[in-house]
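# Chain and residue survey
So you can see what is in the structure, the chains are spelled out below.
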Amino acid sequence: MNLDYIVREPENITSTTPILFMLHGYGSNEQDLFSFRETLPNDWIIVSFRAPRDTQFEGYSWFDINFNEPENFMDVSQAKESLNSALESILKVINHYGLTESNVHLCGFSQGGILCYALALKYPELFNKIACMSSYPEEKILDGIVKDKKKLERLRFFVSHGTDDAVIPLEWGRKAADLLYDLSCYFTFREYMSGHGVNQKNYMDLMEFFSK
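Residues numbered from 1 in each chain as written. Predicted model: local features only at pLDDT ≥ 70, side-chain atom pairs only at ≥ 80, totals over all residues. Heavy atoms only, no water.

Strand order in the open sheet made by the 7 strands is β1-β3-β2-β6-β7-β8-β9, with mixed pairing throughout. The sheet terminates laterally at β1 (5-8) and β9 (186-192), the two strands that pair on one side only. On average, adjacent strands in this sheet sit at an angle of 15 degrees to one another, irrespective of strand direction. Alignment of strand β6 (residues 104-109) against strand β7 (residues 129-133), held across 4 bridges, turns out to be parallel. By the bridge assignment for β7, G108 is matched with C132. (Pairing = 2+ DSSP bridges. Helix = DSSP H or I, 4+ residues; strand = E, 2+ residues; numbered from the N terminus. Axes fitted to C-alpha atoms, helices over the stretch in contact; angles between N-to-C directions.)

Here the structure, examined in full by the defined rule, presents 8 aromatic pairs. Look at Y136 and W172: their rings are 4.9 Å apart centre to centre, the planes differ by 65 degrees, and that puts the pair in the edge-to-face class. Residue Y136 is located in the loop between β7 and α4 (149-152), and its partner W172 is located in helix α5 (residues 170-182); the two are separated by 36 residues in the primary sequence. Judged by relative accessible area, W172 falls into the buried class, the value being 18%. Put simply, the rings of W44, F158, F209 and F210 pair up and form one aromatic cluster. Its guanidinium or amino end placed over the ring of F209, K129 lies 5.6 Å from that ring's centre, counting from NZ or CZ. One Lys or Arg, R156, reaches over the ring of Y186 and ends 4.0 Å from the middle of that ring. (Phe/Tyr/Trp six-rings, centres within 6.5 Å; stacked < 30°, edge-to-face > 60°. Buried < 20%, exposed > 50% of the residue type's maximum accessible area, 1.4 Å probe, protein only. Lys NZ or Arg CZ within 6 Å of the ring centre and 35° of its normal.)

With that settled, the discussion passes to the layout of surface pockets. One simple way to see leftover space: roll a probe sized like a water molecule over the atoms. Size it by volume and the second largest pocket reaches roughly 150 Å³. Considering the residues around the second largest pocket, the lining is formed by 14 residues, among which G25, Y26, S110, V167 and H196 are closest to the centre. Of the residues belonging to the lining of the second largest pocket, the class tally is 8 nonpolar, 5 polar and 1 charged. (1 Å grid on protein atoms, 1.4 Å probe; cavity = no way out; pocket = protein on both sides within 12 Å on 5 of 7 lines; lining within 4 Å. Points joined across faces, edges and corners; volume = space filled by probe spheres on them. Nonpolar A, V, L, I, M, F, W, Y, C, P; charged D, E, K, R; others polar.)

This part covers helix α3 (residues 111-122). For α3, spanning 12 residues, the distance from its first C-alpha to its last is 17 Å, which sits close to the expected 16 Å at 1.5 Å a residue. Across the 12 residues that make up α3, a large majority, 12, are buried. When α3 is considered as a whole, its buried residues turn out to be Q111, G112, G113, I114, L115, C116, Y117, A118, L119, A120, L121 and K122. (Expected span 1.5 Å × (residues − 1).)

All right, on to the pairing of strand β2 (residues 19-23) then. The buried fraction of β2 amounts to 5 of the 5 residues, a majority that puts the element mostly inside the structure. Alternating positions in β2 separate into two faces, I19, F21 and L23 on one and L20 and M22 on the other, with burial throughout. Summarising the sheet, β2 and strand β3 (residues 45-49) pair through 5 bridges and their orientation is parallel. In the sheet register, L23 faces β3, and the bridge partner there is F49. Inspection of the sheet shows β2 paired to β6 by 5 bridges, in the parallel sense. If you follow M22 over to β6, its bridge partner there is C107.

This part covers the nonpolar core. With 52 residues, the main nonpolar core has F21, L106, L119, L121, F127, I130 and F157 as its most contacted residues. Secondary structure elements with two or more residues in this core: β2, β3, α2 (76-97), β6, α3, β7, β8 (156-162) and α5. Not counting chain neighbours up to four residues away, the residues in contact with L106 comprise L20, F21, I90, C116, L119, A120, F127, K129, I130, A131 and F210. Membership of the second largest hydrophobic core comes to 20 residues, among which are L20, L33, A131 and M207. (Core = buried A, V, L, I, M, F, W, Y, C linked by side-chain atoms within 4.5 Å. Contact = heavy atoms within 4.5 Å.)

The next point concerns the side chain of N202. Mapped onto the elements, N202 comes out in helix α6 (residues 200-211). In this structure, N202 is in contact with F158, S160, Y192 and G197, ignoring residues within four places of it in sequence.

With that out of the way, let us pick up the pattern of salt bridges. In this structure the tally under the stated criterion is 10 salt bridges. The residue E191 makes a salt bridge to R174 at a minimum N-O spacing of 2.8 Å. Here E191, found in strand β9, pairs with R174, found in helix α5; they are 17 residues apart in sequence, far enough to count as distant. Residue class for E191 comes out partly exposed when judged on its relative accessible area of 34%. Notably, a salt bridge pairs D205 with K201, separated by 2.8 Å at the nearest N-O pair. Taken together, the residues D205 and K201, both in helix α6 and 4 residues apart, mark about one turn of the helix. (Salt bridge = Lys/Arg side-chain N within 4 Å of Asp/Glu carboxyl O.)

In structure tokens, the structure reads:
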């Protein structure tokens, strides 16, 4: 399935133009993270996807969630379907722009971040910088991840979480540090005095990560 998306293009696009793909959280839409474009590098292509499933109040989701059953927090088959759709759409966009030598980056919030972990660790040869905010690595969709340190060494992760997150507990978010450490990935893990969101300090650190 091809995902809908919005895009900001730089003036000049070559085979080496960097591209950043954004995956929003549950109940949101493609406009959400796209607001970050104002402070992202001007020479990047910025693509923000809309998740394929409708939610209440005119939002979208990558998969259904059940807050009453932590064990069945996510609909795994829907998540895997969205993962495949995201990968397919990413490859189509890369191909469309002829980005044969480009650095490809990911930025995901909450549900979108969960998918970003899976995309990066299953297909590390595709990506470079990955930002996962207010999310966690979900084992149920991390089957078959790459564990070859040589293949993972190109990845750079920025992981952030609010200390008062009432949607995805901080403990879940901290699992990312354990996983990435075990895989010998390069990562920065930061906690912020905030809830399920991105505060000013978090935002500034995120922009610094992408500007390096």
